[in-house]
Structures are given as C-alpha cells and as structure tokens.
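Given next are the chains, with one letter for each unit.
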Amino acid sequence: MDTIVSGMRPTGRLHLGHYFGALTNWLKLQADYRCYFFVADWHALTTDYATPQGINQNTIEMVMDWLSVGLDPAKAVVFRQSRVKEHAELHLLYSMIVPVPWLERNPTYKDQIKELIGKDLSTYGFLGYPVLQAADITMYKANKVPVGVDQAPHVELTREIVRRFNQVYTPIFPEPEVLLTETQKLPGLDGRKMSKSFGNAVMLSDSPKEIDQKLSKMITDPARVRRSDPGEPEKCPAFQFHKIYSTPEEIAEVSQGCRTAGIGCLDCKKIMIKHVVAQLAPITEKRAALEQRPQDVEDILLAGNRVAQHKASETMTEVREALGL
Ligand code: TRP
Ligand code: SF4
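Owing to the predicted nature of the structure, the values given are computational and were not obtained by experimental measurement.

Draft legend 1. Local environment of the overall build of the protein. Along its length, the protein carries 14 helices and five strands. In terms of overall size, the protein behaves like a compact globule, its C-alpha atoms giving a radius of gyration of 22 Å where 325 residues would be expected to give roughly 20 Å. Along the first, second and third principal axes, the C-alpha atoms of the protein reach 75 × 45 × 40 Å. Burial analysis of the protein (325 residues in total) assigns 50% to the buried set. Expressed as a percentage of contacts within the protein between residues at least 6 apart in sequence, the contacts between residues at least 24 apart total 79%. Of note, the protein has its 39 positive side-chain charges centred 3 Å away from the centre of its 40 negative side-chain charges.

Pasting the structure below:
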C-alpha cells in the first residue's frame, strides 16, 4: 500500500476553501492509502516566529475541523509535527547536502517574499522551509504527496533532495510524487480567493445564520445593478457556489433567470445557501460535540504522535546507519 503524507500549517478554524481545496481530497485518500496528516506547527514559525502564542489553540481548532469533516484517526495517522523531534534531526542532516541556490531558486519562495510584504522573511528558517518539508515527507517514506499547485515546487525539491541523499549515502528513500489536488474553484464573498486574512470566508464552523448572512451579502455580477438588469452567471462569484452545490435543474433555472432578469439575486442565492447550510449542519454538529470534549482531541493527537514517532524512529535509525553515525 502506498503511503501519503500531507500537512497544514495551524491557521485555526478552517473555511470552505480548505474544504474543497484539501480536505475532501484527504477524506478520499484515507480510505485507500496509509495516510499521515499532520499539523505543520514548526512551519508556522517560519513566517510568524514573533507570534507563537496562537499555535497551540490554532492546532486544536484546526484538528477539530479535520475531525468534524470526517478525518478518521482509525484510518489516518493524525499528528503534530513538533511532537516528533525526528523531523528536526532529518531537517538538519538534509541541510548539510542541500545547495543554497536550490532554495533561492524555489518559485514559491520568491512569490512569498513578494506577497508577504511587511513580514521578516530574511531568516534562515524561511529559506529552509522546503528542507523541513522534505524531512516531513520522507520521514514516512511517502510515495505520494497531495498538495495544491503552489506547493508542487516543494515536492519537486524533495525529490531532488532524495536523489542526492540516496546517491551520497545509501538509497533508502523513495522519490515522492506530487498528487495535484483538483481544486474546485470556490471564491470568497468578495470574489477574490477565499482567505481568512481577506475576511471573505465561510468558515466550516459558521452557524446557519452566519452562513445565510454572509452569502446573502456576497457580491454578484456587477452588471445587475437593478433587479431589472439581466446578468451573466459566469461573471458572478455566487454562481460558482451554485456550480458546486446546486442540482442541474436549479443551475439551469437560475442561469436562465439571471440572463432574463427573471430572478432576483437574493432569491437566486437562497437556493444555494440552502445547500451550503445543509452540508455544514452535520459538520458543525460534530464540532459542537468535540468542543465539549477537548481532551478527546488532545488524546487523538497524542495517539497519532506516538504512531508517527514510532515510524520516524525507524527511519532515523536507517538514516544514521547510512551516514555511519
Ligand atoms: N507547506 C505546506 C503548506 O503550506 C504544509 C506542509 C508542511 C506540507 N510540510 C508538508 C504539505 C509536507 C505536504 C507535505 O501548505
Ligand atoms: Fe449571480 Fe444569481 Fe444574481 Fe445572476 S441572479 S448575478 S447568478 S446571484
């Protein structure tokens, strides 16, 4: 059976973008592969080293969301990176064999430096981010790594590091492949990419009332200034929700209604809002139950940490042997 490894930085509560971008994929994979899903809390420090205070709480919040959507600790190993110290050791050993230009050339690195203006990214840790990621992936001898396109260069770098390690020492690691996540395009309330920092997200833990309020205010085709103005669904961010959530009949009905000004935007949105609310209801219910039992979440992580640590210590024994240490 192939092994899958993927991680998420602890950003706290997750939103629908995470759900369609990563989690639905993880849920499918946990049935068919040996999966390791972890909280990349050391990675969070690479961009936010000055504010580590939120990491513990954000870890719990995020794992609660994972469990609420159906990630199953009986099927996948769910753990926290910083609890498996072997990741740090392997990262250190890789850092000896990784040429700095490989890291400086990394497109994700260059993009982030441009995007995250105002943040101090001139650190050694941030440059070495993909080296730590390579340690995460290879620790469990992953064959496949499900990530979005933005992370593909990191997996590519992991492959290069693996080739180098296997060549310089002993071949013990498989070269992991990228499993590109087919993301369904779900925009935020303002039409931009859904993101917590833009304040345009529908959270997985939002109540039906919050979902209704947020989506009712979501922007639509700007051509529909008045109720009598016809619109074009493909230019409307709210219609992207219909494409994911509504039935083919409903999609046909609102498309036609939109183009002929036969339906108002609010009535149009009501149709998809009903589906979003119905989808999130069991998730928020499960979450409410977990919130009553935070110790259960801690226990799940503790158990996962132990399983991960066991595998990690086996790998590190091989690694130390390969180096003759
Ligand atoms: N860099 C990934 C992200 O920002 C998180 C991550 C850390 C990861 N280690 C990983 C993903 C290993 C896959 C495999 O989303
Ligand atoms: Fe968007 Fe529906 Fe309004 Fe058309 S009618 S602009 S699809 S919300």
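Structure's up, so let's keep going.
Draft legend 2. Representation of the nonpolar core within the structure. Judged by nonpolar contacts, the single largest core of 50 residues is most densely connected at L16, L23, W66, L215, F241 and V276. Examining the composition of this core, we find that eight residues originate from one element, helix α13 (residues 265–292), more than from any other. With residues near it in sequence (within four places) discarded, F241 still touches L16, L186, P187, M194, L215, M218, S246, M272 and V276. Among the nonpolar cores identified, the runner-up in size contains 39 residues, and Y94, I137, V147 and A322 belong to it.

Cut-off values and rules
- All chains use their own residue numbering, which begins from 1 and follows the written sequence.
- In the order they appear in the text, chains get letters beginning with A and ligands get numbers beginning with 1.
- Confidence filtering applies because this is a predicted model: local features only for residues at pLDDT of at least 70, side-chain atom pairs given and counted only at 80 or more, and all residues used for totals across whole chains, interfaces and linings.
- The side-chain quantities take in all heavy atoms of the structure and omit both hydrogens and water.
- Counting from the N terminus, the helices are DSSP H or I runs at least four residues long and the strands are E runs at least two residues long.
- We compute the radius of gyration from the C-alpha atoms alone; for a globule the expected value is 2.2 Å times N to the 0.38, where N is the number of residues.
- Residue burial is assigned from relative accessible area. The probe radius is 1.4 Å, only protein chains are included, and a residue is buried under 20% of its type maximum, exposed over 50%, and partly exposed in between.
- The criterion used for residue contact is that any of the two residues' heavy atoms lie within 4.5 Å.
- The positive count covers Lys and Arg only, the negative count covers Asp and Glu only, and His and the chain ends enter neither.
- A charge is said to be at NZ when it belongs to Lys, at CZ for Arg, at CG for Asp and at CD for Glu.
- Only buried residues count toward a nonpolar core. Its members are Ala, Val, Leu, Ile, Met, Phe, Trp, Tyr and Cys residues joined through side-chain atoms within 4.5 Å.

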